[in-house]
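Read off the chains here:
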Amino acid sequence: MQILSLLGVLGGLLINQVTAVSKFTPARPPSLPLAVKSPYLSTWFPAGSSGGNGGHLPGQWPTFWTGQITGWAGLIRVDGNVFTWMGNTKDIKTADQVAYEYTSTRSVFTLAVDGKVSMKITFLSPLTPKDLKRQSLIFSYMQVEVTSMDGSNHDVQLYTDISAEWVSGDSNDVAQWDFGTTDGISYHKVWKQTQMLFSEKNDQSEWGNIYYATDSTSGLTYQSGADTDVRGAFAKSGKLANSKDNNFRAINQNWPVFGYAIDLGSVGSTATSILFSIGLCQEQAIQFLGKDGLVVLPSLWKSYFSDDVSALSFFHKDYSESSKLSTQLDDKISTDSIAVAGQDYLTLTSLAARQAFGAVQLVGTSDKTYLFLKEISSNGNTQTVDVVYPASPIFMYLNPELLKLLLDPHFENQESGHYPNKWAIHDLGTHFPNATGHPDGLDEAMPLEECGNNLIMVLAYAQRSKNTDYLKQHYPILQQWAEYLVQDSLYPQDQLSTDDFAGHLVNQTNLALKGMVALEAMSQIASLVGETDDAKNYTTIAHDYITKWMDLGNNKNDNPPHSILNYNNPNTHGLLYNLYNDRLLGTKLVPDSIYKQQSDFYPTIKGSYGVPLDTRNQYTKSDWEIFVAAIAETETRDMFIQDLVKWVNETPTSKPFTDLYETATGAFPAGIEFKARPVMGGMFALLALPIVGG
Ligand SMILES: *[C@@H]1O[C@H](CO)[C@@H](O)[C@H](O)[C@H]1NC(C)=O
Ligand SMILES: *[C@@H]1O[C@H](CO)[C@@H](O)[C@H](O)[C@H]1NC(C)=O
Ligand SMILES: *[C@@H]1O[C@H](CO)[C@@H](O)[C@H](O)[C@H]1NC(C)=O
């Protein structure tokens with residue numbers, strides 16, 4: 001008793017001594033989203049212990065999702081003393097981070113500077129799923145608010161800059177820059193001197209212009225030049241020279257930076273706030289092999305704005321409206337997530353939202369719009385069907401029309417005869433932003449997986465949008481894919497599933513189930529378009545198959561019983577995530593006993609951070625964990641959610657929310673680092689189900 005209470009006192013002392021440690025609410029993610037808006041505007045802050053500093057904005061550089069630095073600095077002078085509030089600026093003391101908090105659209109840091117002023121820095125990457133004009137803009141906000149925290153007024157100057165690292169993934173490349181004003185806004189414009197249209201280095205884009213803008217207030221000064229010069233000028237005097245460095249050079253040669261200083265004057269207890277906008281303007285976005293052959297698709301914002309600067313100006317001045325819309329979205333996701341499965345579930349959905357949208361981009365024109373997706377990190381494929389599929393719950397939940405915009409280019413490419421195989425294509429291009437298809441038919445074949453995914457997503461879309469014309473329009477190719485499933489779903493050939501890192505396998509139970517549910521989906525599609533004979537035929541086949549699958553795919557004699565990884569392999573198991581489709585579509589093909597069997601089984605094989613994907617490895621896929629959680633009984637569902645939240649807080653990884661990790665350690669599997677992938681849209685699996693999503 002005495003020992004215990006002494007420990008309690010010691011614990012209390014320890015906590016008192018470390019008051020400078022930041023709080024993290026609702027969790028401390030592996031990497032904190034800062035400006036995350038598209039595959040090419042994707043700046044994060046590494047937090048996890050392997051490569052991150054715990055999530056403290058002062059003292060470390062922000063990075064692109066891949067890990068290379070995108071220099072973004074913040075300094076503040078308080079009564080003549082200078083402190084760093086963002087980045088790893090040399091020889092300058094750091095402010096103390098007090099708190100970090102995130103919502104679906106915001107990351108908010110609270111800092112204390114020298115015990116004198118408090119700073120609140122809000123990174124807002126707006127999401128407007130139903131407002132395509134706003135969603136098309138590849139920009140993000142940073143708002144900085146400063147308040148006195150000790151009752152006295154303080155003399156304050158604020159500073160921030162970006163480096164040229166934002167314009168290329170290779171810091172040996174030469175950058176060029178300019179400074180301008182428009183409509184009450186000042187902006188730095190930075191670009192790669194030799195533009196390389198549609199090219200990437202280290203996943204960063206090598207074309208277009210980066211803008212960093214703020215209001216042209218009376219206390220504003222600006223400067224471009226070597227990092228030490230510009231930051232040094234501010235540290236010394238609190239202002240910049242209003243000058244431009246005309247020596248265009250390599251990004252890493254005396255590191256040119258593009259800075260602003262703002263004299264806030266005497267700061268008291270009323271918050272003074274300054275707004276910055278950062279973004280990327282690329283007029284040309286995607287090369288697409290569609291019905292008119294190979295075409296260049298513009299960024300969608302080009303349909304609304306004549307040029308970069310008018311887009312920038314609209315975005316910057318839209319802050320109060322955009323912020324209001326983002327709060328509405330934050331509130332919607334919060335209310336719905338908590339209602340369906342509590343705060344822990346919200347911790348996951350709100351972390352996933354920007355990441356999922358950050359992998360897609362609206363392109364085309366306002367009368368022919370597409371949503372293009374980059375697979376991200378597993379490889380750079382464009383519009384991968386088995387990546388669109390796990391990502392799709394967030395789109396079904398927030399605006400099913402976005403799912404249509406993802407599927408449209410697939411239909412267009414394949415219906416125009418650009419793909420020779422009878423099954424569905426895997427992706428629309430080997431590397432984003434090239435959606436140049438696979439006219440040779442030599443894509444990474446996942447025939448059953450992709451035919452199934454397409455039929456499932458198309459029906460899910462039609463159910464939610466009531467757009468049965470869409471089914472009519474594409475009926476022939478849907479039927480072609482269904483015919484493939486008739487051949488291959490009962491005894492799937494040796495092939496890859498979406499979990500391609502685990503290798504080929506024959507007779508995969510979970511894959512077979514996808515095909516069978518997709519055949520039942522085809523029956524419903526046929527009904528919706530009035531093809532009643534087809535409808536009868538497909539449902540007969542689906543029911544025949546599922547009856548056989550009950551025996552082939554399950555080990556009923558084990559205690560507890562469970563589905564098996566593949567037929568004739570009774571001592572195996574795996575996450576039966578394709579069962580989710582039966583609930584998503586309301587097909588009711590699979591008996592309730594299978595749902596119960598799996599729900600009872602998973603808790604018996606769990607590791608510290610979740611349930612292994614299958615018996616071949618100890619790693620798991622977080623997207624598939626949420627798919628199985630979504631259809632499990634409450635206790636099992638909450639187990640999955642709680643283990644994932646524990647993972648978010650404790651994982652040593654420091655890259656954006658991975659979907660592949662070791663269940664025992666929470667680390668990446670050896671040699672595979674999946675990160676920042678759109679599949680995190682799958683966190684919304686509970687909210688995409690008909691009972692909730694409607
Ligand atoms: C896209 O295709 C172009 C040729 O049209 C090529 O120069 C570019 O490198 C490709 N982009 C990527 C990221 O592979
Ligand atoms: C697939 O499973 C079926 C049913 O058990 C079996 O007849 C067939 O041989 C299996 N295929 C392979 C290649 O093992
Ligand atoms: C039912 O579908 C199978 C497989 O596609 C096909 O072979 C058969 O002719 C169809 N039967 C009818 C009555 O349409």
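Residues numbered from 1 in each chain as written. Chains lettered and ligands numbered in written order. Predicted model: local features only at pLDDT ≥ 70, side-chain atom pairs only at ≥ 80, totals over all residues. Heavy atoms only, no water.

## Examining the overall build of the chain
Looking only at helices and strands, one finds 19 helices and 28 strands in the chain. Expected size for 694 residues packed as a compact globule is a radius of gyration near 26 Å; at 26 Å, the chain falls within 12% of this value. If one aligns the C-alpha atoms of the chain with their principal axes, the spans along those axes are about 80 × 80 × 40 Å. With 694 residues in all, the chain has 63% of them scored as buried. Sequence separation of 24 or more characterises 70% of the internal contacts of the chain that already satisfy a separation of 6 or more. Here the chain has roughly 23,700 Å² of accessible surface; of this, 50% comes from carbon and sulfur atoms. (Helix = DSSP H or I, 4+ residues; strand = E, 2+ residues; numbered from the N terminus. Rg over C-alpha atoms; globule rule 2.2 N^0.38 Å. Buried < 20%, exposed > 50% of the residue type's maximum accessible area, 1.4 Å probe, protein only. Contact = heavy atoms within 4.5 Å. Areas by Shrake-Rupley, 256 points an atom, 1.4 Å probe, with all protein chains shown as cover.)

## Brief notes about the nonpolar core
Formed by 207 residues in total, the largest nonpolar core has its most connected members in W72, I76, W85, I121, M142, F372 and W549. Summarising the domain contributions, this core has at least three residues from each of domain 1 (6-15 + 30-282) and domain 2 (348-692). (Core = buried A, V, L, I, M, F, W, Y, C linked by side-chain atoms within 4.5 Å. Domains from an automatic or database assignment.)

## What about the sheet that holds strand β19 (residues 272-281)?
Think of a sheet as strands paired side by side through backbone hydrogen bonds, with each pair either parallel or antiparallel. Reading across from one edge, β1-β7-β8-β9-β10-β19-β16-β13-β12 is the order of the 9 strands in this open sheet, with mixed pairing throughout. What marks the edges here is a single partner per strand, and that holds for β1 (23-25) and β12 (175-182). Across the sheet, the mean angle from the axis of one strand to that of its neighbour is 15 degrees, orientation sign disregarded. Here 8 bridges tie strand β9 (residues 117-124) to strand β10 (residues 139-148), and the two strands are oriented antiparallel to one another. Within β10, the residue paired with L124 across the bridge is Y141. Against the sheet, helix α4 (residues 308-317) makes contact with β10, β12, β13 (185-192), β16 (209-215) and β19, and its axis sits at roughly 40 degrees relative to β16, the strand it touches most. Seen against the sheet, helix α5 (residues 319-341) touches β8 (106-113), β9, β10 and β19 and runs at an angle of roughly 110 degrees to β8. (Pairing = 2+ DSSP bridges. Axes fitted to C-alpha atoms, helices over the stretch in contact; angles between N-to-C directions.)

## Some points on the packing of helix α8 (residues 400-415) against helix α9 (residues 447-465)
It is the contact of α8 with α9, at a shortest axis distance of 10 Å, that shows an interaxial angle of 140 degrees. The angle between α8 and α9 falls in the class oblique. Along this stretch, α8 crosses α9, giving a crossing that reads as left-handed. Contacts from P400, E401, L403, K404, L407 and F411 of α8 reach α9 at N454, M457, V458, Y461, R464 and S465. For the contact of α8 with α9, the residue count by class is 7 nonpolar, 2 polar and 3 charged. (Parallel < 35°, antiparallel > 145°, perpendicular 65-115°, else oblique. Left-handed = near helix turned anticlockwise from the far one by under 90°. Nonpolar A, V, L, I, M, F, W, Y, C, P; charged D, E, K, R; others polar.)

## Focus on the domain arrangement of the chain
When the domains of the chain are assigned, the result is domain 1 (6-15 + 30-282) and domain 2 (348-692). Taken over C-alpha atoms, the centre of domain 1 sits 38 Å from the centre of domain 2. Listed as interface residues are 38 residues of domain 1 and, on the opposing side, 34 residues of domain 2. Interface of domain 1 and domain 2: buried area, both sides summed, is about 3,000 Å²; carbon and sulfur atoms make up 64% of it. (Buried area = accessible area lost by both parts, 1.4 Å probe.)

## Focus on the site of ligand 1
In the vicinity of ligand 1, the contacting residues are F198, S199, E200, Q287, H431, F432 and N434. Between S199 and ligand 1, the recorded distance is 3.4 Å, taken from a side-chain N or O atom to an oxygen atom. Between ligand 1 and the protein, one listed contact pairs an oxygen atom with a side-chain N or O atom of N434 at 2.4 Å. Protein chains bury 53% of the 360 Å² of accessible surface belonging to ligand 1 in isolation. Per-class residue counts for the shell around ligand 1 are 2 nonpolar, 4 polar and 1 charged. No fewer than three residues from each of domain 1 (6-15 + 30-282) and domain 2 (348-692) sit in the shell around ligand 1. (Near = heavy atom within 4 Å. Polar contact = N/O pair within 3.5 Å; in protein donor to acceptor, adjacent residues only side chain to side chain.)

## Comments concerning the site of ligand 3
Around ligand 3 lies a shell formed by E483, V486, N537 and I541. Between ligand 3 and N537 there is a distance of 2.4 Å, counted from an oxygen atom to a side-chain nitrogen or oxygen. Expressed as a share of its isolated accessible area of 360 Å², the protein-covered part of ligand 3 is 39%. Every element with two or more residues in the shell around ligand 3 is listed here: α11 (475-488) and α13 (532-552). For the shell around ligand 3, the per-class residue count stands at 2 nonpolar, 1 polar and 1 charged.

## Digging into the packing of α5 against helix α6 (residues 343-357)
Angle between the axes and distance between the axes are the two parameters that describe a pair of packed helices. Where α5 contacts α6, the two axes come as close as 7 Å, and the packing angle between them is 140 degrees. When the axis of α5 is compared with that of α6, the two are oblique. Handedness of the crossing formed by α5 with α6: right-handed. Residues I333, S334, S337, I338, V340 and A341 of α5 pack against Q343, Y345, L346, T349 and A353 of α6.

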